[in-house]
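The lines below spell out each chain.
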Amino acid sequence: MSGGYKPLWGKTPRLKSSYDTVIIDGGLHGLATAYYLTRNHGIKTVAVIEKRHIGYGGAGRNTGIVRANQRTKENLPLYDEGLKLWPKLTAELDFSLMFNNCEDLNLANSTAGINVLRFEGAACKKSDRGT
Ligand SMILES: Cc1cc2nc3c(=O)[nH]c(=O)nc-3n(C[C@H](O)[C@H](O)[C@H](O)COP(=O)(O)OP(=O)(O)OC[C@H]3O[C@@H](n4cnc5c(N)ncnc54)[C@H](O)[C@@H]3O)c2cc1C
């Protein structure tokens with residue numbers, strides 16, 4: 001054990017001969033699918049198959065920003081849900097997901113960058129108006 005976190009699984013999990021569900025993706029989508037299948041849909045056994053290690057992909061190397069200001073208004077409710085989900089999951093799993101709801105300051109140093117920020121800002125404003 002390092003950093004005060006307890007391991008969530010044993011070091012050498014043995015494969016069973018069959019599972020209710022097999023998921024290929026030890027990233028965010030695969031782990032979330034496994035979790036909600038067992039929590040909400042009565043699935044008893046799930047194998048998550050990962051070719052490298054859990055969190056190897058984008059899940060373990062992203063910027064780590066949970067935000068609700070991105071791109072299109074259709075996406076905004078999804079991102080907004082994410083902001084609510086991370087603290088809820090931390091409590092539900094009794095495991096620190098290192099979520100910290102603080103501000104996020106975006107800077108642009110080019111016309112293209114400024115245009116992206118304007119685009120995102122406009123998407124947020126549209127969403128506030130419910131359009
Ligand atoms: C540089 C970067 C920055 C990002 N920043 C943010 C951010 O700030 N905020 C945000 O919300 N999102 C961010 N993202 C996006 C976010 O990380 C992804 O949306 C998310 O990780 C996607 O989850 P996933 O499960 O689909 O894929 P991944 O997390 O990539 O997981 C896929 C897993 O499947 C495994 N795999 C693939 N093929 C096989 C196979 N054949 N057999 C077994 N295993 C296999 C891979 O090894 C990998 O571990 C960022 C992404 C990147 C790359």
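Residues numbered from 1 in each chain as written. Predicted model: local features only at pLDDT ≥ 70, side-chain atom pairs only at ≥ 80, totals over all residues. Heavy atoms only, no water.

Caption draft 1: Local environment of the pattern of salt bridges. Taken as a whole and judged by the stated rule, the model has 2 salt bridges. Two residues, E92 and R39, come together in a salt bridge whose shortest N-O distance is 2.5 Å. Here the residue E92 occupies a position in helix α3 (residues 76-93), and R39 occupies one in helix α1 (residues 28-40), the gap between them amounting to 53 residues. Two residues, D80 and K84, come together in a salt bridge whose shortest N-O distance is 3.6 Å. Pair noted here: D80 and K84 are both in helix α3, with a separation of 4 residues, about one helical turn. The exposure class of D80 is partly exposed, given its relative accessible area of 33%. (Salt bridge = Lys/Arg side-chain N within 4 Å of Asp/Glu carboxyl O. Helix = DSSP H or I, 4+ residues; strand = E, 2+ residues; numbered from the N terminus. Buried < 20%, exposed > 50% of the residue type's maximum accessible area, 1.4 Å probe, protein only.)

Caption draft 2: Inspection of the packing of aromatic side chains at higher detail. For the coordinates displayed, the defined rule picks out 1 aromatic pair. Seen in terms of ring centroids, Y35 and Y36 are 5.0 Å apart; in terms of plane orientation they differ by 70°. Their pairing is edge-to-face. When its relative accessible area of 21% is taken as the criterion, Y36 is described as partly exposed. (Phe/Tyr/Trp six-rings, centres within 6.5 Å; stacked < 30°, edge-to-face > 60°.)

Caption draft 3: The arrangement of the environment of V66 in detail. Inspection of the secondary structure assignment puts V66 in the loop between α2 (58-61) and α3. Sequence separation between V66 and L85 is 19 residues, and the spatial gap between their C-alpha atoms is 10.0 Å. Apart from the residues lying within four places of it in its own chain, the contact partners of V66 are G82, L83, W86 and F99. (Contact = heavy atoms within 4.5 Å.)

Caption draft 4: Summary view of the confidence of the model for the chain. Per-chain confidence: the chain averages 85 in pLDDT, with 83% of residues scoring 70 or above. The weakest mean pLDDT in the chain belongs to helix α4 (residues 111-128) at 80; the strongest belongs to strand β1 (residues 21-24) at 98. (pLDDT = per-residue confidence, 0-100.)

Caption draft 5: Region of interest: a nonpolar patch on the surface. On the surface, a nonpolar cluster with roughly 430 Å² of combined accessible area is contributed by L15, V22, I24 and I49. Mapped onto the elements, I49 comes out in strand β2 (residues 46-49). Residue classification places I49 among the partly exposed residues on the basis of a relative accessible area of 37%. (Patch = residues over 30% accessible without salt bridge, like charges linked within 9 Å, V, L, I, M, F, W, Y side chains within 5 Å. Areas by Shrake-Rupley, 256 points an atom, 1.4 Å probe, with all protein chains shown as cover.)

Caption draft 6: Layout of the packing of α1 against α3. At a minimum axis distance of 14 Å, the contact between α1 and α3 shows a crossing angle of 60°. The orientation of α1 with respect to α3, classified from their angle, is oblique. Both α1 and α3 take part in a crossing whose hand is left-handed. Along its contact with α1, which presents L28, Y35, Y36 and R39, the element α3 presents L85, W86, L89, E92 and L93. Considered class by class, the residues forming the contact of α1 with α3 number 7 nonpolar, no polar and 2 charged. (Axes fitted to C-alpha atoms, helices over the stretch in contact; angles between N-to-C directions. Parallel < 35°, antiparallel > 145°, perpendicular 65-115°, else oblique. Left-handed = near helix turned anticlockwise from the far one by under 90°. Nonpolar A, V, L, I, M, F, W, Y, C, P; charged D, E, K, R; others polar.)

Caption draft 7: Main features of the site of the ligand. Lining the immediate surroundings of the ligand are 18 residues, of which H29, E50, G58, A59 and I65 lie closest. Here an oxygen atom of the ligand and a side-chain polar atom of D25 are 3.0 Å apart. Contacts to the ligand include T63, whose backbone N or O atom sits 3.0 Å from a nitrogen atom. For the shell around the ligand, the secondary-structure elements that each account for two or more residues are α1 and α2. With 3 residues, α2 is the largest single contributor of residues to the shell around the ligand. Considering only residue class, the shell around the ligand consists of 6 nonpolar, 8 polar and 4 charged. (Near = heavy atom within 4 Å. Polar contact = N/O pair within 3.5 Å; in protein donor to acceptor, adjacent residues only side chain to side chain.)

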